[in-house]
Amino acid sequence: MRQRNKGTTLIELVVYIAILTIMSLIILRAVLQLTGVFAKSRIERRVSLAAETALERMVREIRLARVPCVASDYTFSACLPDTSGGALRLHTDKSYTDLTDIYKSFYLSGSSPNQIIFDPDVSTSADEQQLTPSTVTVESLVFKKLYNTSPDLTNAETSGVRIELQISSGLGATKVTHTYYASSVLRGGYEKQ
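The present account deals with the structure reproduced in this document. (Residues numbered from 1 in each chain as written. Predicted model: local features only at pLDDT ≥ 70, side-chain atom pairs only at ≥ 80, totals over all residues. Heavy atoms only, no water.)

What about the packing of aromatic side chains?
Using the following cut-off: Planes of paired rings set the category: under 30 degrees apart is stacked, over 60 is edge-to-face and the rest tilted, where pairs are Phe, Tyr or Trp rings (Trp by its six-membered ring) whose centres lie within 6.5 Å. In this description a helix means any DSSP run of H or I spanning at least four residues, a strand means any run of E spanning at least two, and both kinds are numbered starting from the N terminus. Each residue's exposure class comes from its accessible area (1.4 Å probe, protein chains only) as a fraction of the maximum for that residue type: buried when under 20%, exposed when over 50%, partly exposed otherwise. Here, over-ring charges are defined by two tests on the NZ atom of lysine or the CZ atom of arginine: distance to the ring centre within 6 Å, and angle to the ring normal within 35 degrees.
Evaluation of the coordinates by the stated rule reveals 1 aromatic pair. Ring centres of Phe106 and Phe118 lie 4.7 Å apart, and the angle between their planes is 25°; this geometry places the pair in the stacked category. Of this pair, Phe106 sits in strand β3 (residues 101-108) while Phe118 sits in strand β4 (residues 116-119), placing them 12 residues apart in sequence. Pair check on accessibility: Phe106 and Phe118 agree, each one buried. When the ring centre of Tyr103 is taken as reference, the NZ or CZ atom of Arg89 above it lies at 5.3 Å.

Okay, structure coming up:
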């Protein structure tokens, strides 16, 4: 009797290569999807952190202010009475311990990428601070005055400011855009009993 050589035929080899290719493609697709999800979650975290940091600072400064001035741009050529605008100037104290009257302001940089700028003392614009990192873009920033009115709807006084912030980051499929809202009552803006 003749003994047969044991080995693989060409057909078996082609089948093995086809199965290996299909498995490799499935694994590659899963890895690419996981990478995309990870990148998008990093961008989501970046946007949320930037918005939280900026809103926290704006709310804190508004709480300490006495009089807000909402304007359409950072020049503050005219305070808007009932409408909203993209710039806010606050008449406030220099700090908790120094009660010197100063004006602080928040506005958009106007450059690309658009950033929120905080000026802690309008008289010396050398101290301007960027509140949002350059890794995000501020799409819009809107301040609206909140009014406290008496029961007979007379003597309306500004009692607070509402902030609407739209911020984005990323490109293409990983671009993330969210809108955040915050409100703050001015010092002394609540109703006294």
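Structural notes on the sheet that holds β4
To keep things clear, this is the line we draw: The rule for pairing is simple: two strands pair if DSSP sees at least two bridges between them.
Strand order across the open sheet formed by 5 strands is β1-β2-β3-β4-β5, with antiparallel pairing between neighbours. Each having just a single partner strand, β1 (67-71) and β5 (129-130) make up the two edges of the open sheet. Bridge analysis of β4 against β5 gives 2 bridges, and the strand direction is antiparallel. For Ile117, the partnering residue across the bridge sits in β5 and is Gln130.

Thoughts on the environment of Val59
Operational definition: It only takes one pair of heavy atoms within 4.5 Å for two residues to be counted as in contact.
With respect to the helices and strands, the residue Val59 is situated in helix α1 (residues 10-64). A relative accessible area of 10% means that Val59 is categorised as buried. Taking the C-alpha atoms as reference points, Val59 and Leu186, separated by 127 residues in sequence, lie 9.4 Å from one another. If near-sequence neighbours (up to four positions away) are discounted, Val59 is found in contact with Ile163, Ala182, Ser183 and Ser184.

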